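Here's the letter readout for the chains.
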Amino acid sequence: MSVDGFTLLAEAHEYLLTVVRGVPEGAWGAPTPCSEWTVRQVLNHARLDQQALVMQITEEAPAGDPFDPADAPAGGGDVAAELAALLEGAAKAWESVRDAESVPTPMGPMPAGAGAAVAALDAAVHAWDIARATGQDAPLTDALAEGLESPADRIVDFVRDSFGKFGPVVEVPADAGPAAKLLGFTGRDPQWAPPAA
């Protein structure tokens, strides 16, 4: 399925924003499907990833290490407004190179639309992580997941093999829908639920 990467990015950014706006007060320290990280750490990782993916366009490094998100926002202040501004900046960076056939990225050069789709993949799976961790009825839709299949095929195994990121593939039933298949491919158990209190 061929979908415009910029459309995917807008949808994924809105998904992430919606989920972050829905995080209950006091849930920022909750465990997530990313077993070593809390909700606040997944959010900070997602924020920093969006900056890292455009840093060779903007010539600005992310404000921290995406893979050591210890100094994450604690839930004070307007976290959603800060995230919205950051995502808007990232989207504008991609838009600034919309027609480029080759854009430098941390995973190597790729067409601008493909890079935007990779950023969409990252935002969407972390939105799902946060939604599951905080009990929100905000699933990754099959429609969005279908659009994200191509960027996932492009980078997930490369990142998993080269950097040890993304967990091992989680097997899902053969008749599982696109969202469950994408989550399993990115190392997530689609049935994950927070541990019982």
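Structure: see above.
Since this is a predicted model, take the numbers as computed values, not measurements. (Residues numbered from 1 in each chain as written. Predicted model: local features only at pLDDT ≥ 70, side-chain atom pairs only at ≥ 80, totals over all residues. Heavy atoms only, no water.)

What is the right way to look at helix α2 (residues 39-53) in this model?
Side chains of residues three or four places apart in an α-helix project in the same direction, reflecting 3.6 residues per turn. Here α2 is 15 residues long and its end C-alpha atoms lie 21 Å apart, about the 21 Å a rise of 1.5 Å per residue gives. Burial analysis of α2 places 13 of its 15 residues in the buried class, which makes it a mostly covered element. (Helix = DSSP H or I, 4+ residues; strand = E, 2+ residues; numbered from the N terminus. Expected span 1.5 Å × (residues − 1). Buried < 20%, exposed > 50% of the residue type's maximum accessible area, 1.4 Å probe, protein only.)

Even after reading the chapter, I still don't get helix α1 (residues 5-21), so can you show me in this structure?
The end-to-end C-alpha distance of α1 is 24 Å, a good match for the 24 Å that 17 residues give at a rise of 1.5 Å each. Looking only at α1, the buried set comprises G5, F6, L8, L9, A12, H13, Y15, L16, L17, V19 and V20. Where α1 begins, one side-chain oxygen reaches toward the backbone nitrogen of F6, 3.1 Å away; that side chain belongs to D4. (Polar contact = N/O pair within 3.5 Å; in protein donor to acceptor, adjacent residues only side chain to side chain.)

How should the nonpolar core be read in this particular structure?
Here is a general trend for soluble globular proteins: nonpolar side chains tend to be buried in one another's company. Residues Y15, L16, V20, W94, I130 and L140 are the most contacted members of the largest nonpolar core, which totals 62 residues. Breaking this core down by element, the ones donating at least two residues are α1, α2, α4 (79-95), α5 (112-133), α6 (142-163) and α7 (178-185). If we skip the residues at most four places from it in the chain, I130 touches L16, V19, V20, V23, V39, V42, L43 and Q136. (Core = buried A, V, L, I, M, F, W, Y, C linked by side-chain atoms within 4.5 Å. Contact = heavy atoms within 4.5 Å.)

So what exactly am I meant to see when it comes to the packing of aromatic side chains here?
The description of an aromatic ring pair uses the distance of the two centres, along with the angle that the planes make with each other. The full count for this structure, using the stated rule, is zero aromatic pairs. Above the face of the F185 ring, R160 is positioned so that its terminal group lies 5.4 Å from the ring centre. (Phe/Tyr/Trp six-rings, centres within 6.5 Å; stacked < 30°, edge-to-face > 60°. Lys NZ or Arg CZ within 6 Å of the ring centre and 35° of its normal.)

Before we go on, may I ask you to explain the side chain of T105 in this structure?
Position of T105 relative to the elements: it lies in the loop between α4 and α5. Of the residues examined, T105 reaches a relative accessible area of 5% and is grouped as buried. A polar contact of 2.5 Å, which involves the side chain of T105, links it to the backbone oxygen of G108. Once residues lying within four places of it in the same chain are set aside, the contact partners of T105 are Q56, W94 and M110.

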